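For reference, the chains in residue letters:
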Amino acid sequence: MSDLIGQKFGEWDGGERPLFLAPMSGVTDLPFRLLAKDCGADVTITEFTNSTALSREAAVSWRKMESHETEVPFIPQIFGGNADDMVTAAEMLAPSCDIIDLNFGCPAPKVTKICAGAALMGQPDNLVSMVRGIIDNVEVPVTAKMRLGTGANQHNAIEICQRLEDVGVSRLCVHGRTLKQRYSGQADWDYIKQVVDSVEVPVVANGDVVDSKSAADCLSVTNASGLMIGRGAIGRPAMFGEMKVGLGWMEETELPWVKANDEWFDFDETGKAFATRKWCWDRYIELSHATVGIQARWMQRHAVAFTKGLPGGKKIRSIMHEMPTPEDFAQAISEFLVGDIAF
Ligand SMILES: Cc1cc2nc3c(=O)[nH]c(=O)nc-3n(C[C@H](O)[C@H](O)[C@H](O)COP(=O)(O)O)c2cc1C
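Residues numbered from 1 in each chain as written. Predicted model: local features only at pLDDT ≥ 70, side-chain atom pairs only at ≥ 80, totals over all residues.

*Asks:* Tell me about the overall build of the chain, residues and numbers included.
*Replies:* Summing up its helical and strand segments, the chain has 15 helices and nine strands in all. A compact globule built from 343 residues should have a C-alpha radius of gyration of about 20 Å, and the chain, at 20 Å, falls within 12% of that. Each of the 343 residues in the chain was classed as buried or not, and the buried ones make up 47%. Across the chain, every contact between residues at least 6 apart in sequence was considered, and the portion connecting residues at least 24 apart equals 68%. (Helix = DSSP H or I, 4+ residues; strand = E, 2+ residues; numbered from the N terminus. Rg over C-alpha atoms; globule rule 2.2 N^0.38 Å. Buried ≥ 20, exposed ≤ 12 C-beta atoms within 10 Å, placed from the backbone. Contact = placed C-beta atoms within 7 Å.)

Below, the structure written as structure tokens:
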């Protein structure tokens, strides 16, 4: 098995396990993924991309598949309801990626209506044969992300995961909710534990992990071989490093935003929040310049998230429209995050 897949761990004894940035449409663009890695994430995955569009060489979809030499492993995620297009897209991606991830978790109606994403969990035979077709045609490892089931019947993630292991899937990720639940209710970590116990491949647990306490709780319940964090990292990629510090996996003094601030230990909580987010914002802009260039829409979305909850953060939305260029906007956010700018 590829070194990039990682191992199946046993019972959690407090030791280190990989932290994944969840694939998130409209959030996990390339500079944000690289930033998350600088902040402590071990593995990143692109947002999901339509395999039919990829197979027809749609430029907008291929832009989502851009990576950088420092993004190792590079894991594009694809979705689709047409098995042939899934195979074609996987074949096109395989030469330039390390692992291909398949989405069987998306609950969005525009995806489920084409019988893709989480809707495929309602058709386990089609799902499994689609995955077998992909594995038979590409050299790279294939992984899959899914939910507990559709919610229409009993959960079937265990059955699907066992069958996917049989056809050669290298790693699985389970979000502890059903399609029907979308994002409501609490993630069911007990069921994820049953999946972990029912297969030999590594299983990553996903859902409601937001800090070191929930990370420790989730690992204690599931013994998963890694944790995947989504919404908790939106606007707060620093949470990966903070989580590792809280879990005793790294020292606070090793965090890049602590290293960058000589007076860190004199700051109060608000000062630390500003300093952390300023470091992350400036790095996001730096990584944008180093890769795809500043993309105004991506940057604006992140700006809202990065400033959320900070005193004065709401005013950022109004200055967004006043800045003549994206560079001016990036600079204005950086200055806001110094923490002593009066708006
Ligand atoms: C804005 C947003 C976009 C998402 N896009 C994707 C996606 O492209 N692919 C995917 O597998 N899951 C996607 N998800 C689901 C997340 O990867 C994750 O499974 C879910 O948010 C639960 O994890 P969390 O509780 O840590 O947020 C998305 C979630 C959000 C909030």
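Now, onward.
*Asks:* Quick one: what's the story with the site of the ligand, residue by residue and with numbers?
*Replies:* Close contacts around the ligand come from 22 residues, with Ala22, Met24, Phe48, Gly230 and Arg231 the closest. Classifying every residue of the shell around the ligand by side-chain character gives eight nonpolar, 10 polar and four charged. (Near = placed C-beta within 6 Å. Nonpolar A, V, L, I, M, F, W, Y, C, P; charged D, E, K, R; others polar.)

*Asks:* Which residues make up helix α7 (residues 157–167), and what values do they have?
*Replies:* Regarding α7, the residues found buried are Ala157, Ile160, Cys161 and Leu164. Down the axis of α7, the sector holding all buried residues measures 100 degrees, keeping them to one side. Those residues of α7 that are buried are in contact with α6 (124–137), β6 (142–146), β7 (171–175) and α8 (189–198). (Arc of directions from axis to C-beta.)

*Asks:* Can you break down the environment of methionine 243 residue by residue, with the values?
*Replies:* Secondary-structure assignment places methionine 243 in helix α10 (residues 239–246). When the 27 C-beta atoms within 10 Å are taken as the criterion, methionine 243 is described as buried. Expressed as a C-alpha distance, the spacing of methionine 243 and serine 212, which sit 31 residues apart in the sequence, is 4.5 Å. In this view, methionine 243 contacts Leu19, Asp211, Ser212 and Ala215; residues no more than four positions away in its chain are not counted.

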